[in-house]
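# Inside the fold
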Amino acid sequence: MPDVQIRIPGNPGEYPVVIESGLLSRISPRFKPFEGRKVAVITDENVAPLYAERITAALDAAGVRPVVRVLPAGETTKCMDQLEGLYDFLLTSGITRTDAVLALGGGVIGDLTGYAAATFLRGIRFIQVPTTLLAQVDSSVGGKVAINHPRGKNLLGAFYQPELVLIDTDTLSTLDERQVGAGLGEVIKYGCILDAALFERIEACGSRENLAPLYPEIVARCIELKGQVVFEDPYDRGLRMILNFGHTLAHAIENAAGYGEILHGEAVCIGMVAAAAWGTRLGITPPDTESRIRHILTDYSLPIEIPSGLTAERLFPSMALDKKASGKEIRIVCLEKIGRSRTVPVPAVRLKELMEQLSSAPRCQDANPF
Ligand SMILES: NC(=O)c1ccc[n+]([C@@H]2O[C@H](COP(=O)([O-])OP(=O)(O)OC[C@H]3O[C@@H](n4cnc5c(N)ncnc54)[C@H](O)[C@@H]3O)[C@@H](O)[C@H]2O)c1
Ligand SMILES: [Zn+2]
């Protein structure tokens, strides 16, 4: 299995991302830079019984003093109450500016812990140990940290880079298959927007079972790609928007279906099929692209159809409110071909038409019902 270490350029400096199958069993030396310090391990109730003890034992062995806080699992943990509880815990544990927090878990734990790290004592050291595929390929790198506000997701946040990201792809073996699928949706997205070879590799594997042994390489490639985009556009003012391929419709589906009904990565899959169809109608995306995306998603048992009941009329209003909307034009991400993407401003009325055409288009024979 290849051991991969990538250096992600960041502000204030570069940080290493170590990606290995079995890393947790030999992780202790990675904590040497924290020797003599305290590290607050923040995790959730599902991840704690599986991996917390291995992390605390490794910290102990490296001469680091661990303290552990276990939070409820799920999106509702990314809230002000839990953040406040976390600040209390850090204060009670005597965490100072030279100590660190370590996020052990998925994107929820990573985002909340990162936001606490960014703000506690005006910023303390931050380590990410992501344990979901989505967190490994997406949320643990790039420096976006946040909690939700009752009025919307990720409304309170910061740009704050970790000092170290440690990824053991073996943790994916305990992850629910649906959660793995949601991460795969984002992996396939990277292939679509930036890397035809990655897309073709996943296409050639043809199933989750065949792809699993390649996780270290696949995760590494996704992080490398995200790293390049984030380096060009650290504060999300331009290029970074291509990472939102499939997300215009995805956010609308998540809104309409209710968060939790459909996982974010699943909604992105449906959104990518739609964005390919829109791109073709706009004369940007070659006509065979939509069917290639449909096929790869079907091979990986991922959804491709808008859930029944979610009509264009129900979905469009939240698309127009999406953060990429500006005035009467909505910026969407289109593929020029697999592996190359750009943002395209589309008049809101035109996008509404495209949405309506989508709902009335005949369904594919091999469509994966969702
Ligand atoms: N910061 C960013 O750039 C960024 C990017 C994308 C998504 N996000 C955020 O990430 C969050 C979603 O993250 P997620 O999909 O990882 O969800 P999550 O953190 O809720 O994890 C999903 C579920 O899997 C469980 N779990 C985690 N690792 C496990 C393992 N190895 N074995 C068994 N169970 C495990 C968790 O307890 C949870 O129940 C959202 O809040 C989203 O806004 C942030
Ligand atoms: Zn996403």
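Residues numbered from 1 in each chain as written. Chains lettered and ligands numbered in written order. Predicted model: local features only at pLDDT ≥ 70, side-chain atom pairs only at ≥ 80, totals over all residues.

## Structural notes on the overall build of the protein chain
- In terms of helices and strands, the protein chain carries 13 helices and 12 strands.
- In terms of overall dimensions, the protein chain is globule-like: its C-alpha atoms have a radius of gyration of 20 Å, near the 21 Å expected for 370 residues.
- In terms of overall dimensions, the protein chain has a C-alpha envelope of 60 × 45 × 35 Å along the principal axes.
- The contacts of the protein chain with a sequence gap of at least 6 include a subset with a gap of at least 24, amounting to 74%. (Helix = DSSP H or I, 4+ residues; strand = E, 2+ residues; numbered from the N terminus. Rg over C-alpha atoms; globule rule 2.2 N^0.38 Å. Contact = placed C-beta atoms within 7 Å.)

## So, the domain arrangement of the protein chain
- Domain boundaries in the protein chain define domain 1 (4-174) and domain 2 (182-360).
- On a C-alpha basis, the centroid separation for the pair domain 1 and domain 2 is 28 Å.
- At the interface, 23 residues of domain 1 touch 21 residues of domain 2.
- A total of 5 residues in the side of domain 1 that touches domain 2 trace back to one element, the largest contributor, which is helix H4 (residues 133-139).
- Looking at the side of domain 1 that touches domain 2 residue by residue, the class counts come to 13 nonpolar, 7 polar and 3 charged. (Domains from an automatic or database assignment. Nonpolar A, V, L, I, M, F, W, Y, C, P; charged D, E, K, R; others polar.)

## Some points on the packing of helix H5 (residues 177-194) against helix H10 (residues 264-281)
- Closest axis-to-axis distance for the H5/H10 pair is 7 Å, and the angle between their directions is 40°. In terms of axis orientation, H5 runs oblique to H10. Two packed elements cross with a definite hand, and for H5 against H10 that hand is left-handed. Taking contact as the criterion, the partners of Gly 181, Ala 182, Gly 183, Gly 185, Glu 186, Lys 189 and Cys 192 in H5 are, on H10, His 264, Gly 265, Glu 266, Val 268, Cys 269 and Met 272.
- Grouping the amino acids of the contact of H5 with H10 by side-chain chemistry returns 5 nonpolar, 5 polar and 3 charged. (Axes fitted to C-alpha atoms, helices over the stretch in contact; angles between N-to-C directions. Parallel < 35°, antiparallel > 145°, perpendicular 65-115°, else oblique. Left-handed = near helix turned anticlockwise from the far one by under 90°.)

## Re the nonpolar core
- In terms of nonpolar packing, the biggest core is built from 108 residues, with Ile 42, Val 101, Leu 102, Leu 104 and Ile 270 touching the most fellow members.
- Element by element, the count of residues in this core is highest for H10, at 11 residues.
- Apart from the residues within four sequence positions on either side, Ile 42 is in contact with Arg 69, Leu 71, Leu 86, Val 101, Leu 102, Ala 103, Leu 104, Ile 109 and Thr 113. (Core = buried A, V, L, I, M, F, W, Y, C linked by C-beta atoms within 7 Å. Buried ≥ 20, exposed ≤ 12 C-beta atoms within 10 Å, placed from the backbone.)

## A closer look at the packing of H10 against helix H11 (residues 289-299)
- Two numbers describe how H10 lies on H11: the axes approach to 8 Å, and their chain directions differ by 165°. Between H10 and H11, the angle is such that the two are roughly antiparallel. As H10 packs across H11, the resulting crossing turns out to be left-handed. Along its contact with H10, which presents Cys 269, Met 272, Val 273, Ala 276, Ala 277 and Thr 280, the element H11 presents Thr 289, Glu 290, Ile 293, Arg 294 and Leu 297.
- Residue composition of the contact of H10 with H11, grouped by class: 7 nonpolar, 2 polar and 2 charged.

## Quick word on the site of ligand 1
- Around ligand 1 sit 29 residues in total, of which Asn 46, Gly 106, Gly 107, Thr 132 and Ser 139 are the nearest.
- For the shell around ligand 1, the secondary-structure elements that each account for two or more residues are helix H3 (107-119), H4, strand E8 (152-159) and H5.
- For the shell around ligand 1, the residue count by class is 9 nonpolar, 13 polar and 7 charged. (Near = placed C-beta within 6 Å.)

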